[in-house]
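Listed below are the residues making up each chain.
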Amino acid sequence: MNTVRQTTHELLRHHDMRVIFGNPGSTELPFLAHLPEDFSYVLALNESTATAMADGYAQATGRPTLVNLHTATGLGNAMGSLVNASGARSPVVALAGQQVRAALPTPALLVNRGPLALAQGAVKHTAEPARAEDTPEILGQAILRAAQAPSGPVCVSVPMDDWDQELDPPSEEARYEAHHRARTSDSVPAPDALSDLARQLAEARAPALIAGPELDTEAGYTAVVALAERLDAPVWLPAFTPRAGFPSAHAAARGPLPSAADEVADTLAGHDLVLALGAPVFTYYQWTGSPPVAPGTRLAQITSDPEEAVRSVTGSSCLGSPVAAAGTLDRLLERRGHRPRNGAMCRPRTSPTPKPALAPEGVLHDSEVFATLAKVLPGDAIVVNEAAQQLPAYWRSAASSRPGSFYFTGAGGLGFGLAGAVGVQLACPERPVVAVIGDGSVQYTLQALWTAAHYRIPLTVLVLDNSEYGILKNWGRTLGTGPVPGLDLPGIDIMGLATAYGVTAERAHSPNELKNLLSETIGAPEPHLIHVPLAS
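Asker: Quick question: what am I supposed to make of the pairing of strand E13 (residues 298-303) here?
Answerer: If a strand is regular, its side chains alternate between the two faces of the sheet. Burial within E13 is extensive, with five of its six residues counted as buried. Two elements, strand E12 (residues 273-277) and E13, share five bridges in a ladder whose sense is parallel. Within E13, the residue paired with Val-274 across the bridge is Leu-299. Relative to strand E14 (residues 316-319), E13 runs parallel, the two sharing four bridges. Within E14, the position partnered with Gln-301 by the bridge is Ser-317.

Here it is in structure tokens:
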């Protein structure tokens, strides 16, 4: 007879979930006991870091990924990372431990009093099996829910004494049915709605597109590039997008939209029809109360997320797969004989790229950093960016043509970047990964450096150090708050911390030094950290 643990291992193997992230506690030991040899356990030094690693791995593979958490306290530690995973629609499966069933009504230590309520604000589904024998089925349903559009994290709490319970062996027919039931998560908006939208696009004088993170796949890039070129339309990304739904190297790419309503309206002014594919309408940071679009601009949205459709501040919305819809729209336009009028929007921009500003000796401007990085990055490189203040400078130099080449924190919370980059590199060992992290952000999951060193993960970490929370100082100036405490970060020895965790660290004081260090470390067989003093 199989135990619950053995049956769960079989379930995880079926879903190709044999990489487990975690930081084990006592309530997790029975699940981790006798872990099969074809499974890998990636140890992080706290649950927030482990969950961010799982987030990066899940996004990069496109598959549900398991993170093992320690009852209520570990789940609490992981909550910020689960919120980021939710914002990125990352199919993270959080498996939380729980005290033995007999102890649940008592004051025993490590009882999770609210296993469903605690995680509910951060995940799309929560469950705790009513009986030990229900565990494999409940976990299997959670895995399917994590991957179902709109994808996102789920959480299952399992009492620690469930794992050794024996199960009656299922028949071969029942076993096959449990593991091989056919499911699909893609759906296309109603044919009449797409036909009408194709007509509107064909008649539009100056259409434009917004490409959301769901398009960050081979199929998504193929569909949205074809549609943009057929429409001769510029393509924006959402502000603070967790992934790039359009290749930044394409001539139609215009980078992310601004994050204030008046600036969004100004940016899209002159376009009579804007189609948002899998993109929120809109991601605001500065709330100005301004009209979301200029007079004369109509907006249509196609999204797989009903909540995203409900929250849209303007325009019409259709529910369905943005990838499938983009491909269908392109075919409908082709059947109508629609051809680009003059190709003006898709021509390479001829305005000269501004030269990076020169910083004082010994420090660099962000524009120098990213111009140097762009020269060195291989075409298949991945950038995980959590230097929020420097994002505009990054996008001015970004020129990637492959999907899965950019990752950013999903909900704006710090802590994803460094740990997420470890997960991305584990998921994509054939592609070099560079994590670009601010000196404040890197502190949130600094322990990920130990994991990178311990497992010899070939990651390059580029820390931009201005010794402050610069984005908050800028925001304070926008709000007119006057002086605010707690925004300076003096005296942190980032190189010393990296060395203590076993990661080689070096400092770049000039663009030439940075270029040489990046050339040496990108693709090297072990992790390296490059510390860059940044001009304020």
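Asker: Sorry, what's going on with the packing of aromatic side chains here?
Answerer: Geometrically, a pair of aromatic rings is defined through the distance of the ring centres and the angle of the planes. With the rule as written, the count across this model stands at 11 aromatic pairs. Measuring from centroid to centroid gives 5.5 Å for Tyr-284 and Trp-287, while their planes differ by 70 degrees, and the two rings are edge-to-face. Owing to a relative accessible area of 65%, Trp-287 belongs among the exposed residues under this scheme. Taking the centre distance of 4.7 Å and the plane angle of 55 degrees together, the rings of Trp-395 and Phe-406 count as tilted. Taken together, the residues span a long stretch of sequence, with Trp-395 in helix H14 (residues 391-397) and Phe-406 in strand E16 (residues 406-408) at a distance of 11 residues. Of the two residues, Trp-395 and Phe-406, neither departs from the other in class, the shared state being buried. A network of ring pairs unites the aromatic residues Phe-240, Tyr-285, Phe-408 and Trp-475 as a single cluster.

Asker: Could you clarify how one ought to interpret the sheet that holds E12 in this entry?
Answerer: Sheet strands line up and pair through hydrogen bonds in the backbone, either parallel or antiparallel. If you walk across this open sheet you meet the six strands as E11-E10-E9-E12-E13-E14, and the pairing is parallel. Both outer strands of the open sheet, strand E11 (253-256) and E14, are each paired with one neighbouring strand and no more. Averaged over all pairs of adjacent strands, the angle between strand axes in this sheet comes to 20 degrees, irrespective of strand direction. Contacts from helix H12 (residues 322-335) reach E12 and E13, with the element oriented near 125 degrees to E13.

Asker: Just to check I follow, could you spell out the confidence of the model for the protein for this structure?
Answerer: Caution applies to low-pLDDT regions: their predicted coordinates should not be interpreted in detail. Confidence along the protein averages 93 in pLDDT terms, with 93% of residues attaining 70 or more. A low-confidence stretch, residues 348-352 stays under pLDDT 50, and its non-local contacts, those more than four residues away or across chains, total five contacts.

Asker: Would you mind going over the sheet that holds strand E2 (residues 19-22) with me for this structure?
Answerer: Strand order across the open sheet formed by six strands is E3-E2-E4-E5-E7-E6, with parallel pairing between neighbours. Pairing within the sheet leaves two strands with one partner each, and these edge strands are strand E3 (40-43) and strand E6 (125-127). Put simply, the sheet's adjacent strands are angled 25 degrees from each other on average, direction ignored. Note that E2 and E3 share four bridges and pair parallel. By the bridge assignment, Phe-21 is partnered in E3 with Val-42. Strands strand E4 (65-69), strand E5 (92-98) and strand E7 (154-159) of the sheet are contacted by helix H4 (residues 71-87), whose axis makes an angle of about 170 degrees with E5.

Asker: Quick question: what am I supposed to make of the environment of His-531 here?
Answerer: Locating His-531 in the fold gives a position in strand E20 (residues 528-533). The exposure class of His-531 is buried, given its relative accessible area of 7%. Taking the C-alpha atoms as reference, His-531 lies 6.3 Å from Ala-508; in sequence the two are 23 residues apart. Ignoring anything within four residues of it in the chain, the contact list for His-531 reads Val-463, Asp-465, Ile-494, Met-495, Glu-506, Arg-507 and Ala-508.

Asker: Hey, could you run me through the nonpolar core in this one?
Answerer: Side chains of a nonpolar character, in soluble globular proteins, are inclined to be buried together. Among the nonpolar cores identified, the biggest contains 59 residues, and Phe-246 and Leu-275 are the most heavily contacted of them. Among all residues touching Leu-275, those that are not within four sequence positions of it are Leu-197, Leu-201, Ala-208, Leu-209, Ile-210, Leu-227, Ala-300, Ile-302 and Leu-329. Leu-75, Met-79, Ala-85 and Ala-427 belong to the second-largest nonpolar core, a separate cluster that totals 53 residues.

Asker: Whenever I open this one, empty space enclosed by the protein confuses me. Can you help?
Answerer: One simple way to see leftover space: roll a probe sized like a water molecule over the atoms. Going through the model one piece at a time under the given rule, you end up with two cavities of 30 Å³ or more. Roughly 60 Å³ of internal volume is contained in the largest cavity. Taken together, Tyr-221, Ala-244, Phe-246, Ser-248, Tyr-394, Trp-395, Ala-398, Ser-400, Arg-402, Ser-405 and Phe-406 form the lining of the largest cavity. Classifying every residue of the lining of the largest cavity by side-chain character gives seven nonpolar, three polar and one charged. Taken as a whole, the second largest cavity encloses approximately 30 Å³ of empty space. If you go around the second largest cavity, the residues you meet are Pro-238, Ala-239, Leu-257, Pro-258, Pro-280, Phe-282 and Thr-283. Partitioned by chemical class, the residues of the lining of the second largest cavity number six nonpolar, one polar and no charged.

Asker: Looking at this structure, how should I read the packing of helix H8 (residues 191-203) against H12?
Answerer: Packed helices, taken two at a time, are described by the angle between their axes plus the distance between the axes. The interhelical angle for the contact between H8 and H12, taken along N-to-C directions, is 60 degrees, at an axis separation of 9 Å. The pairing of H8 with H12 is recorded here as oblique in orientation. The handedness of the crossing between H8 and H12 is right-handed. Two secondary-structure elements touch here, H8 through Leu-194, Ser-195, Leu-197, Ala-198, Leu-201 and Ala-202 and H12 through Ala-325, Thr-328, Leu-329, Leu-332 and Leu-333.

Asker: Got a minute to help me understand unusual backbone geometry in this structure?
Answerer: Of all residues except glycine, most have a negative phi; of all peptide bonds, most are trans. Here the amide bond leading from Ala-149 into Pro-150 is cis, since omega sits at -10 degrees, within 30 degrees of zero. Checked against the element boundaries, Pro-150 lands in the loop between helix H6 (135-147) and E7. In this chain, Val-281 is followed by Phe-282 through a cis amide linkage whose omega measures -5 degrees. With respect to the helices and strands, the residue Phe-282 is situated in the loop between E12 and E13. Even without being glycine, Arg-89 reaches a positive phi, approximately 55 degrees. Structurally, Arg-89 can be placed in the loop between H4 and E5. Taking relative accessible area as the criterion, Arg-89 reaches 16% and is therefore assigned buried. Its identity as a non-glycine residue notwithstanding, Ser-467 has a phi of 60 degrees, on the positive side. With respect to the element layout, Ser-467 can be found in the loop between strand E18 (459-465) and helix H17 (470-479). Its relative accessible area of 34% is what places Ser-467 among the partly exposed residues.

Calculation notes
- Residues numbered from 1 in each chain as written.
- Predicted model: local features only at pLDDT ≥ 70, side-chain atom pairs only at ≥ 80, totals over all residues.
- Heavy atoms only, no water.
- Buried < 20%, exposed > 50% of the residue type's maximum accessible area, 1.4 Å probe, protein only.
- Helix = DSSP H or I, 4+ residues; strand = E, 2+ residues; numbered from the N terminus.
- Pairing = 2+ DSSP bridges.
- Phe/Tyr/Trp six-rings, centres within 6.5 Å; stacked < 30°, edge-to-face > 60°.
- Axes fitted to C-alpha atoms, helices over the stretch in contact; angles between N-to-C directions.
- Contact = heavy atoms within 4.5 Å.
- pLDDT = per-residue confidence, 0-100.
- Core = buried A, V, L, I, M, F, W, Y, C linked by side-chain atoms within 4.5 Å.
- 1 Å grid on protein atoms, 1.4 Å probe; cavity = no way out; pocket = protein on both sides within 12 Å on 5 of 7 lines; lining within 4 Å.
- Points joined across faces, edges and corners; volume = space filled by probe spheres on them.
- Nonpolar A, V, L, I, M, F, W, Y, C, P; charged D, E, K, R; others polar.
- Parallel < 35°, antiparallel > 145°, perpendicular 65-115°, else oblique.
- Left-handed = near helix turned anticlockwise from the far one by under 90°.

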